[in-house]
Amino acid sequence: MTNRVNYREVKMRALHSSLIKPLIRLHCPFSTPIISPSPLRKQFLYLHSSATTSLQKLTAMADNKTAAVDGNSTSDHVSDAWYSVPDLRLRDHRFTVPLDYSIDRCSSTKITVFAREVVAVGKEEQSLPYLLYLQGGPGFECPRPTEAGGWMSRACEEYRIVLMDQRGTGLSTPLTPSSMSQVKSAEDLANYLRHFRADNIVHDAEFIRKRLVPDAGPWTILGQSFGGFCAVTYLSFAPKGLKQALITGGLPPIGEGCTADSVYKAGFEQLVCQNEKYYKRFPQDIEIVRDVVNYLAESGGGVPLPSGGILTPRGLQLLGLSGLGSSTGFERLHYLFERVWDPLIVQGAKRRISDYFLNAYERWIGFDANPLYALLHESIYCQGASSLWSAQRIRALNDNKFDAIEAAKVGRPVLFTGEMIFPWIFDEVHALRPFKDAAQLLAEKKDWPSLYDIAALKENKVPVAAAVYYEDMYVNLKLSMETASQIAGIRPWITNEYMHSGLRDAGSRVFDHLLAMLNGKKPLF
């Protein structure tokens, strides 16, 4: 049915709103909480009030100016028609949100955040609770469903799923090497990028919830990896927007300052174990990897990559990021090294690394498609302190084990590194070179705002269940359990049945297990 818009009435209400907005800013829309919130939480709550007083409704009407005739879209929310993939129905939503929520909404630069609504076929009009999926990262878009399967298939039995591309990824004003090249100074780019951490991702989620969920009701969230970090930020500052929280491989360290140092100290220890397991599985790769390192060292320190970058011995070690931490990573890494050398089809020809391997290497690293991961990775561990290239500093303490050239020279296995970003990546990876100065500014930045509120977490009332993977290479077990001890009411599920990729590998089982823990099907003892 078409909605008729009374433009004269809208105009009068907008004028009325302009007169009362100063009063609205002084108005506190919250009832008095049982526990007085911390100053950090008060600030966040003010920005994300879920109250629906008549004054706020009038303000929203004035901001949106007019409603679109389809009744589903406003000036800051556009939704498309439903479409299909096998066994699923999908609908796309685009939201115009402030880049900076800390200033007046009208004054801030605007960006687009994209979200895809997913339901089982035939359930488009059913009244279903909403579930927001928070993707891993930072700097990676949500998955694109091609059919029902995995955790989505299970979730669609009872939920309406929202797949949100986190700001800067996918279709959410994506920050790619080409789009970021529009920003001419490193200072301006670093200042722009500071708005792309978990705090603003939660702001975006709340913006969407209030426009998408009927009556702006609470929703369930599922956070995988970095998405779990975002979920803990959500629990800290906007718990009123949450009904339940499910977390898989994503309990962050929540201490003040830069917690990256503790993350990488634990990470290098776990990496030694992962490398040992890999070489036990594929002992023939010990010699192959050593040969490649020696070849690179003797070729002037490295060889050109197809994109224009350079493959060096330390760059080769980056393959551990994808190869050592997921369920099929060991096998894929082994098969990659099977084709590292070109065959010698002419007698006397020089041995060289194959184009197949060089192209595959760049696909594995993937910084050309997702540069935000490299630019913002260490900042996700910072609250009121700079990272100062934490991974590089901690690596220096372990260089007797992770020096690839030395290991190859003396006959030791060359150890791969993991989820770590080093400053030299911005020299060796072609897509990242233009952003080297901005990356340095971000590494030196001290005034990162807080991402977690421990006082609020200790008083948490939102039901939380978290899968904690015993041998997780990316999110350390010990650090995860320290965080769990600070979140009231959380139910951790510690398992060695899955690696960090458990939600991808056995999504239906993992999702069902966590949901059962919250819904009383899994007893406490």
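Keep in mind it's a predicted model, so treat the numbers as computed, not measured.

Caption draft 1: Layout of empty space enclosed by the protein. For the structure shown, the criterion picks out 7 cavities of 30 Å³ or more. Residue lining of the largest cavity: 20 residues in total, with Val263, Met473, Tyr474, Val475 and Asn476 positioned closest to the centre. Counting residues per element, the lining of the largest cavity draws most heavily on helix 9 (residues 260-281), at 6 residues. Volume-wise, the second largest cavity comes out at about 80 Å³.

Caption draft 2: Local environment of helix 16 (residues 390-397). Along helix 16, the residues that are buried comprise Ser390, Ala391, Ile394 and Arg395. Along helix 16, the residues classed as buried sweep out an arc of 130 degrees about the axis, all on the same side.

Caption draft 3: Spotlight on the layout of surface pockets. Space inside the second largest pocket adds up to approximately 1,200 Å³. What lines the second largest pocket is a set of 35 residues, and nearest its centre among them are Gln135, Gly136, Phe140, Gln224 and Arg504. Only helix 4 (150-155), helix 12 (320-323), helix 14 (355-365) and helix 23 (502-505) provide two or more residues apiece to the lining of the second largest pocket. Each residue belonging to the lining of the second largest pocket can be placed in one class, and the counts come to 14 nonpolar, 14 polar and 7 charged.

Caption draft 4: How the structure looks around helix 14. Regarding helix 14, the residues found buried are Phe357, Leu358, Ala360, Tyr361, Glu362, Trp364 and Ile365. Contacts made by the buried residues of helix 14 are with strand 10 (303-304), strand 11 (310-311), helix 11 (313-316), helix 12 and helix 13 (329-338). Downstream of helix 14 by a residue or two, glycine 366 has a phi angle that is positive, lying close to 70 degrees.

Caption draft 5: View of the side chain of glutamine 224. Mapping glutamine 224 onto the fold places it in strand 7 (residues 219-224). By relative accessible area, which is 11% here, glutamine 224 ends up buried. Polar side-chain contacts of glutamine 224 include one of 2.5 Å to the side chain of threonine 248. Other than its neighbours up to four places away in sequence, glutamine 224 contacts Tyr133, Leu134, Gln135, Gly136, Thr248, His500 and Leu503.

Caption draft 6: Structural context of the pairing of strand 14 (residues 490-495). Examined bridge by bridge, strand 13 (residues 464-469) and strand 14 share 6 bridges and lie parallel to one another. Paired with alanine 467 across the bridge in strand 14 is tryptophan 493. Following the chain from strand 13 across helix 22 (residues 477-484) to the adjacent parallel strand 14, one finds a crossover that is right-handed.

Caption draft 7: Quick look at unusual backbone geometry. Of note, the bond from glycine 137 into proline 138 is cis; its omega dihedral lies within 30 degrees of zero at 5 degrees. You can see proline 138 is positioned in the loop between strand 5 (130-134) and helix 4. Within the chain, aspartate 215 stands out as a residue other than glycine whose phi angle is a positive 60 degrees. The residue aspartate 215 is located in the loop between helix 7 (198-212) and strand 7 in this model. Judged by relative accessible area, aspartate 215 falls into the exposed class, the value being 77%. Residue leucine 388 is not a glycine yet carries a positive backbone phi of 50 degrees.

Reading the values: rules and limits
Along each chain, the written sequence defines residue order, and numbers are assigned to residues from 1. It should be noted that, the model being predicted, local features are given only for residues of pLDDT at least 70 and side-chain atom pairs only at 80 or more, the latter also being counted only at that level, while totals for whole chains, interfaces and linings use all residues. Excluded from the side-chain calculations are hydrogens and water; all other atoms, namely the structure's heavy atoms, are used. Buried and open spaces are told apart on a 1 Å grid over the protein atoms alone, a cavity being a set of points where a 1.4 Å probe fits but cannot get out and a pocket being an open set with protein on both sides within 12 Å along at least five of seven lines. Residues with an atom within 4 Å of a point are the lining residues. Grid points are joined across faces, edges and corners, and a volume is the space filled by probe spheres set on the points. Going along the chain from the N terminus, every DSSP run of H or I of four or more residues is numbered as a helix, and every run of E of two or more is numbered as a strand. Think of it in three bands: residues with accessible area under 20% of the maximum for their type are buried, residues over 50% are exposed, and the middle band is partly exposed, with areas taken using a 1.4 Å probe on protein chains only. What the arc measures is the spread of directions leading from the helix axis to the C-beta atoms. Here the nonpolar group is Ala, Val, Leu, Ile, Met, Phe, Trp, Tyr, Cys and Pro; Asp, Glu, Lys and Arg are the charged ones; every other residue, Gly included, is treated as polar. Only heavy atoms matter for contacts: two residues are in contact if any of them lie within 4.5 Å across the pair. N or O atoms within 3.5 Å of each other form a polar contact, as long as, within protein, one can give a hydrogen and the other can take it, and as long as residues adjacent in sequence are counted only when both atoms are side-chain atoms. Only strands joined by at least two bridges in the DSSP assignment are considered to pair. Consider the strands pointing away from the viewer: the crossover is right-handed when the path from the first strand over the helix to the second runs clockwise.

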